[in-house]
Amino acid sequence: MMRIIPPLLFGLILFVGFLIAAMPARLIFDLALKPAGVEAGLVQGRVWDAQLLRIRSGQLSIDEARASLEPSSLLRFSPRFDVTLSDPALRGEGVVILSGGGVRIEDARGVVRLDQVMPELAALGGDEVIQLSLEALALDASGRCEAASGQATTAALIGLGERYGVNLPVLRFDLICAGDRIGADVSGLSDAVEVEGRLQFTERGPEGRIEAQTSVTNVIAALSFMGFEQVNQTTYTLTLPLPEEG
């Protein structure tokens, strides 16, 4: 009798896995992604090969995502998908894992147009981008941040510095959980200015404060153009979101 139980158990696991793989992708989306605040105009296909169109999460919008199920992940009861994102403003790929009612993203790489995530910096001009390297991001069933690690960088300030004849730094964002939200510690350093701060990303966009330390006249002019306000002789701060004009 004991010899029969393992094959039966293995067969049962495979059968359950087959049923899950045959589920409509829409069902998994409604159970795992929709409660976390992700919207989609169209979800089609089966779990093992799904397509999502017109996706929106907060202020970020994506034309298309494709997800391919890794069959062996069903044996661990944590469906794992290889996901590719396609959009004129965004390109990326990574792994999405559904587990315990939440979502975990791992080993994600991508390039995002700056105006999709930080329109305040994008207003400086040019078609600047953010390069993202995400190690892990875990959200619970309600979309609350549980763990975040990875980095993003942008050279958005470089062009502005050239206009003012000063050396402005590449900005680096180290991803964190800022309370229940996804956040980032901001840093940048050049021979003319040091930048640091902390942001959290909400449905309305980034919120937080960035501080710059400098005594260089042209850097001060560039900071003023970006909306920084003077605190003392060498300290300038930018508070996001910026106040609405008028």
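Procedures and definitions
- Residues numbered from 1 in each chain as written.
- Predicted model: local features only at pLDDT ≥ 70, side-chain atom pairs only at ≥ 80, totals over all residues.
- Heavy atoms only, no water.
- Disulfide = S-S within 2.5 Å.
- Helix = DSSP H or I, 4+ residues; strand = E, 2+ residues; numbered from the N terminus.
- Buried < 20%, exposed > 50% of the residue type's maximum accessible area, 1.4 Å probe, protein only.
- Polar contact = N/O pair within 3.5 Å; in protein donor to acceptor, adjacent residues only side chain to side chain.
- Contact = heavy atoms within 4.5 Å.
- Pairing = 2+ DSSP bridges.
- Axes fitted to C-alpha atoms, helices over the stretch in contact; angles between N-to-C directions.
- Parallel < 35°, antiparallel > 145°, perpendicular 65-115°, else oblique.
- Left-handed = near helix turned anticlockwise from the far one by under 90°.
- Nonpolar A, V, L, I, M, F, W, Y, C, P; charged D, E, K, R; others polar.

*Asks:* Looking at this structure, how should I read the state of the cysteines?
*Replies:* Covalently bonding the sulfur atom of one cysteine to the sulfur atom of another cysteine gives a disulfide. Considering all chains together, one arrives at one disulfide under this definition. Each sulfur of the disulfide joining cysteine 145 and cysteine 177 lies 2.0 Å from the other. Between cysteine 145 and cysteine 177 the disulfide shows an S-S torsion of about -70°. By sign, it is left-handed. You can see cysteine 145 sitting in strand S8 (residues 145-154) and its partner cysteine 177 sitting in strand S9 (residues 171-178), a full 32 residues away along the chain.

*Asks:* It is not clear to me how the side chain of threonine 214 should be interpreted in this structure. Could you clarify?
*Replies:* Within the fold, threonine 214 resides in the loop between strand S12 (205-213) and helix H5 (217-226). The class for threonine 214 is buried, based on a relative accessible area of 4%. There is a polar contact of 2.7 Å between the side chain of threonine 214 and the backbone oxygen of alanine 192. With sequence-adjacent residues up to four places away left out, threonine 214 is seen in contact with Ala192, Val193, Val219, Ile220, Leu223, Gln233, Thr234 and Tyr236.

*Asks:* Where do I start with unusual backbone geometry in this structure?
*Replies:* Backbone phi values are negative for most residues with the exception of glycine, while trans is the configuration of most peptide bonds. A cis geometry characterises the amide bond from leucine 240 onward to proline 241, with omega recorded as 0°. Tracing the sequence through the fold places proline 241 in the segment after strand S14 (235-240). Of note in this structure, aspartate 107 is not a glycine but carries a positive phi near 50°. Mapping aspartate 107 onto the fold places it in strand S6 (residues 102-113). According to the relative accessible area criterion, aspartate 107 is partly exposed, its value standing at 48%.

*Asks:* Sorry, what's going on with the side chain of threonine 154 here?
*Replies:* With respect to the element layout, threonine 154 can be found in strand S8. Side-chain polar atoms of threonine 154 contact the backbone nitrogen of alanine 156, separated by 3.2 Å.

*Asks:* Looking at this model, I keep getting lost on the pairing of strand S2 (residues 49-57). Mind explaining?
*Replies:* Where a strand is regular, its side chains alternate between the two sheet faces. Summarising the sheet, strand S1 (residues 38-46) and S2 pair through eight bridges and their orientation is antiparallel. The residue of S2 that forms the bridge with valine 38 is serine 57. Note: S2 against strand S3 (residues 60-69), eight bridges, orientation antiparallel. Following the sheet pairing, leucine 53 is matched in S3 by glutamate 64.

*Asks:* Just checking my understanding: could you explain the packing of helix H4 (residues 156-164) against H5 for this structure?
*Replies:* When two helices pack together, you describe them by how their axes are tilted relative to each other and by the distance separating the axes. Relative to each other, H4 and H5 sit at 125°, their axes nearing to 10 Å. When the interaxial angle is binned, H4 and H5 end up oblique. Judged by the sense of rotation from one axis to the other, the crossing of H4 with H5 is right-handed. Mapping the contact onto sequence places Leu157, Leu160, Arg163 and Tyr164 in H4 and Asn218, Ala221, Ala222, Phe225 and Met226 in H5. Its residues assigned to classes, the contact of H4 with H5 comprises seven nonpolar, one polar and one charged.

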